[in-house]
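Chain and residue survey
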2 protein chains.
Amino acid sequence: MNAPTPIAHVTPEVHLREVPAALLAALKDRFGAQFSEALAVREQHGRDESAFTTVPPPAAVVFAESTTDVQDAVKLCAQYKVPVIPFGVGSSLEGHLLAVQGGISLDVGRMNKVLSINAEDLTVTVQPGVTRKQLNEEVKSTGLFFPIDPGADASLGGMTATRASGTNAVRYGTMRENVLALEVVTARGEVVRTGTRAKKSSAGYDLTRLFVGSEGTLGVITEVTLRLYPLPEAVSAATCSFPTIADAVNTVIQIIQLGVPIARVELIDANTVGLVNRHSKLNLREQHMLLMEFHGSPAGVREQAETVQDIASEHQGAGFEWADTPEERTRLWTARHNAYFAAVQSKPGCRAISTDTCVPISRLADCLLDSVAEADATGIPYFLVGHVGDGNFHFGYLIDPDSAEERATAEALNHQLVARAIAMDGTCSGEHGVGLHKMGFLRDEAGEGAVQMMRTIKHALDPDNIMNPGKVFGA
Amino acid sequence: MNAPTPIAHVTPEVHLREVPAALLAALKDRFGAQFSEALAVREQHGRDESAFTTVPPPAAVVFAESTTDVQDAVKLCAQYKVPVIPFGVGSSLEGHLLAVQGGISLDVGRMNKVLSINAEDLTVTVQPGVTRKQLNEEVKSTGLFFPIDPGADASLGGMTATRASGTNAVRYGTMRENVLALEVVTARGEVVRTGTRAKKSSAGYDLTRLFVGSEGTLGVITEVTLRLYPLPEAVSAATCSFPTIADAVNTVIQIIQLGVPIARVELIDANTVGLVNRHSKLNLREQHMLLMEFHGSPAGVREQAETVQDIASEHQGAGFEWADTPEERTRLWTARHNAYFAAVQSKPGCRAISTDTCVPISRLADCLLDSVAEADATGIPYFLVGHVGDGNFHFGYLIDPDSAEERATAEALNHQLVARAIAMDGTCSGEHGVGLHKMGFLRDEAGEGAVQMMRTIKHALDPDNIMNPGKVFGA
C-alpha cells in the first residue's frame, strides 16, 4: 500500500478540448439521422448512474449501427484529435461516460444483434449493444445461458469494458473469464480481432484481457464472443437469516474454504432487507440475510444445500426458506437487484455513493464489520449488499447531492474503506471499474509503477489520447 | 484466417547483438559465483525441449537469487542494450530460450521459495523458480493443491510466461485463470506489482494477464500469486477403450456439451498406448483410449462417472477400468506424462516436433481425424495425445534432427494442421506458446493488425528490445 490519496474531488476536473465545427459537419454529413446535437440527447449521453455533479455534455452523439460506422466515426474524430466516448446503456457507476474533455459520444446501443450462437461449442458472438437479459432470451431455446449478472440490464460491450461480474461470479467467474474474443476498433479506426473461439490459447499477448476492463480508453468494442453454460438440471435458491453480520459472513467464508460450488451467495443487511421488503412487496424476515443459489444435478444441489445448512447452523443461521420454482426465484433475485433502487427511493432526491472493495475471503469479516461500525457512527443512511462469496461488497451511502457535507461524509467513509481493503491485499474495485471516481484509489492500490505501465500502454495505442480520455488514470 | 505463411524455417534466424566485455566484467563483479561464462553452462541455457537446430549459446549466465539480483542484472543489460533471456528449468518447447540475438541468460531457478501460503484464502505466493511438483509438496499439509499440470515439472515462472495448462485445465482453467497477481521486473529494472490477492478486480488494465503468456518479452517474473483449490474429497480415475478415434472424441464432445465437471479427459491413440506400455511397464489395452479423472464428493464422483459411462457406451466405449487408489492413479498419470519420453525413446536419436492446436469442441473430431489421415499418409512415426476436453491435442512427429526431409515432412504436417485449426476458428497454440516456432502461425491466426498491436505494446514497454528479443513476433 502506498501513501493514501486525498479524498476524491466531488466535482470532476473538466478540461474541454475543442470540437471543430468542421468535424461536426463531417459527422453530420456521414451519419445523417444517426447523428444528433440535440441538448436532451447529449445530456442523456453525458451522465451515468454515478453521483458526480454534472459536467457539460458531449458536443454530439453518433448512433453507430455497424463496425464500419464505428470506424468512420473514430477516424473522423482521430483526424481532429477529438475525444470519443463509447456508450452502451449508460448504467456505469463511476463517471465513465462523463465528457470531462468534451468530444463525441459514440452510442453502440443499436448494434444489438446476436451474431452467431454456437450451442455445440457453448459460445455466442454478439454486438456490443446486446444486453445480458436480451442475450439470455435469445439463447434460451438452446438450453444454455450466460451467467454474468451485474444487476442492471447492462450492455455486453459495457460489461466487457468495465470487467463486470455480479451475483453468479462466485461460481462462473467474471467477464475476465467469460470473454473469449473481441473485435475492437482502435484509436486509428482499424479493426482488430483479439482472439479465436478456442477455449484456451497461448498464442501471443492476451489482447482480449487487455481490452476487458479498459473502460473505453483503448478502443471501441464492436463484437464480443462469450462462453455459455448448460442450464443446470436443478436450481434451488434459499434465504437464511443471521443475528449478526459476522455470523453471516463467517458462514460464507467456510462455504468458500470448503470448496462448495455454490452459484450465488449474497449478503443483505437487515436494514436493506427492510428497504427491499417495502420496495418489492416482500415479507422477508428483517434480519441480516444470505440469499443463495445452488446449481447442479438434483442430487448435487441437495448435497450442497445440506452442507451449507450445516455450516449456517453452526453460525446461528435460522429460518432457511427455499424457493424452488422459477417464479419464486425470479421474485427473490429481482428484489435483490432492486436493492439499489429500493434504497435510493427511500430517500427522495438522494443519490447513492457506492463502494466496491473486494478482499481475500479470510479478511472479509474484518473489512466489512469495521466499515459498518464506521458508517453507523456517522449516522449516514446506507444500504449494504455484497457478492460476499468473492469477498466483494457494496455500501451505498445515500446522500443529498446538493449537500457538500453529506457528500464529504460519504467520500470519507469510502476512503477509509478502500484504505482498509488495500491494506488487506484487496482491491478498490471488485466490479465497477475506476472511471473518474477511483483514479486516486487505483494509484494507492497499484502503485505509481503499475499505473505508469498502464499509461504507457494507453499512450502507445492511443497517442492522441482520444479514447475516453481522463478516465482510469490522470494525465 | 489470413494468407498462409510459408513453412517455418527449420534453422532460426540469428542476428547476434554485441555483448560488450565491459558488461560481462560488470556482471562478474556484481554477481561473482552467481555468474558463469563456462561453455557447458551457457550451452545448457541456450536450448530447450524444441527440435530447433542449435544456435550459439548466450554469452553468459546469471543465477539470480532475489528480485534485487534480477533488477541489477536487467539494469546492467539495459545500460548496454544487451538481451536478457529469463530461464526457469528449460522445459519449454518452442525455442523460447534460444539466444537468437545473443545476450545473457537470467536463470531464476534458485529463486525457489514458497513465500506465503494463505490457506484460508486459497492463495499462495511463490518465487518463479518453484516447480509445480515442489509447490504441491509444500502445500500438501493444508489440504489444498495447485491443479495446473503441463506434464514437465516446469517452474511456475515459466508456466506463467507461456500461459501453460495441461491435463486439469478442462475443469480448473489454465495459468490465465489461476494467476492472481505478479511481481515483475520491467525492461528498465523497475519492480511492478500487477495485482492483489482479491479474487476479482476491475481496477485498471489487466497487467497480470498481459504478462501471463508474454514469454519473457515484457519483463522478468519475480513473484507469482496463485489460486489453490481444496483437495477433492473423492477422486477417481478411469480408462476406457474405443475402436476408433472418432468414437473417443465424440464421447468427449458430448461430456463437455452436457456440462459434466470432469477434471481430466485425455486422449491417447492406440499406437501411443503401446509406446507407453513398453516405456512404463503397463498393460493398458492397446486401443485408442480416454484417460479420465473425476473430482468431487463421493456421490458427485459416482454421478459423473455413471453419466460418462453411459455416454461412452453409446460410442462403443468398452473396458472401463477404474483406478481408485492414489498409487494406481499416480502410475496412470505418470505414464501419460511420460508419453513424450516413451515416444522419443522409441526411436533413438530422434526429436519430436510437437503440434499444439486447439479448436472449438464441436470441430475437434474433424480437425483431429483429417490430421491423423494426413500423418498416416506420410508414414512418419508420431505420437498423439490430447487434452481433448479443451479441444487441444498434440501430435509429436518423430524426426531424425539431421534429416532435412523428415523435418520438412513434419513441418508440412504441422502447417496443414495449423491452417485447418485456424479455419475452424481455433488457435495454433493451446498451451506451448509461440516462441520462435510459431511466429508465422501467430500472424496467420491473429492477423497483422493484432500482431502490430502486440509489437506496439512490446516497443512501448521495452523500447530497446532487450527482453527475450526475436520471440513471439518478428521485427
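Sequence positions are assigned chain by chain, starting from 1 and proceeding in written order. To read the labels, note that chains go from A and ligands from 1, taken in the order they are written. Selection of residues for local features in this predicted model requires a pLDDT of at least 70, selection of side-chain atom pairs for listing and counting requires 80 or more, and totals for whole chains, interfaces and linings are taken over all residues. Excluding hydrogens and water, the side-chain figures rest on all heavy atoms present in the structure.

- As recorded by an unreviewed UniProt entry, chain A carries the name D-lactate dehydrogenase (cytochrome) and is attributed to Ottowia oryzae.
- Quoted verbatim from the Cofactor (unreviewed entry) field of UniProt, the annotation for chain A is "FAD".
- UniProt positions are given in the numbering used here, feature names are shortened, and annotations may be inferred rather than shown by experiment. Its UniProt record, at the heading Sequence similarities (unreviewed entry), says of chain A: "Belongs to the FAD-binding oxidoreductase/transferase type 4 family."

**Side note on the relation of the copies chain B and chain A**
- The transformation that overlays chain B on chain A combines an axial shift of 0.0 Å with a rotation of 180 degrees, and the residual RMSD is 0.0 Å. The superposition of one copy onto the other is thereby described by a two-fold rotation axis.
- Of the interface residues in chain B, 100% have counterparts in chain A that sit at the interface too, so the contact is made through matching surfaces. Only residues with pLDDT of at least 70 in both copies count here: their C-alpha atoms drive the least-squares fit that superposes the copies. The contact criterion used throughout is that any non-hydrogen atoms of two residues lie within 4.5 Å.

**A short note on the interface of chain B and chain A**
- Between chain B and chain A, the contact holds 76 residues from the first and 76 residues from the second.
- Together chain B and chain A conceal approximately 6,100 Å² of surface at their shared face, both sides included; 58% is due to carbon and sulfur atoms.
- Values labelled buried area give the accessible surface lost by two parts on being combined, using a 1.4 Å probe and summing over both. Contact with chain A buries area across many residues of chain B, yet B:Lys200, B:Ser202 and B:Tyr205 alone supply 16% of it, more than any other trio.
- For this analysis, a salt bridge means a side-chain nitrogen from Lys or Arg found within 4 Å of a carboxyl oxygen belonging to Asp or Glu. Scanning the region where chain B abuts chain A turns up eight salt bridges.
- B:Asp390 is the partner of A:Lys200 in a salt bridge, and the nearest nitrogen-oxygen pair spans 3.7 Å.
- As used in this structure description, the phrase polar contact means that two N or O atoms lie within 3.5 Å; if the pair is within protein, one of them must be able to donate a hydrogen and the other to accept it, and residues adjacent in sequence are counted only when both atoms belong to side chains. At the junction of chain B with chain A, the criterion picks out 40 residue pairs in polar contact (both at pLDDT 80 or more).
- In this text, helices come from DSSP runs of H or I with a minimum length of four residues, and strands from runs of E with a minimum of two, each type numbered from the N-terminal end. Looking at the side of chain B that touches chain A, the elements that each hand over two or more residues are helix H6 (169-172), helix H7 (175-178), strand E9 (191-193), helix H8 (207-211), helix H9 (245-257), helix H11 (298-314) and helix H16 (439-461) of chain B.
- For the side of chain B that touches chain A, the element with the highest residue contribution is H16(B), accounting for twelve residues.
- Residue classes in the side of chain B that touches chain A are distributed as 30 nonpolar, 27 polar and 19 charged. Three residue categories are used. Nonpolar comprises Ala, Val, Leu, Ile, Met, Phe, Trp, Tyr, Cys and Pro, charged comprises Asp, Glu, Lys and Arg, and polar comprises the others, including Gly.

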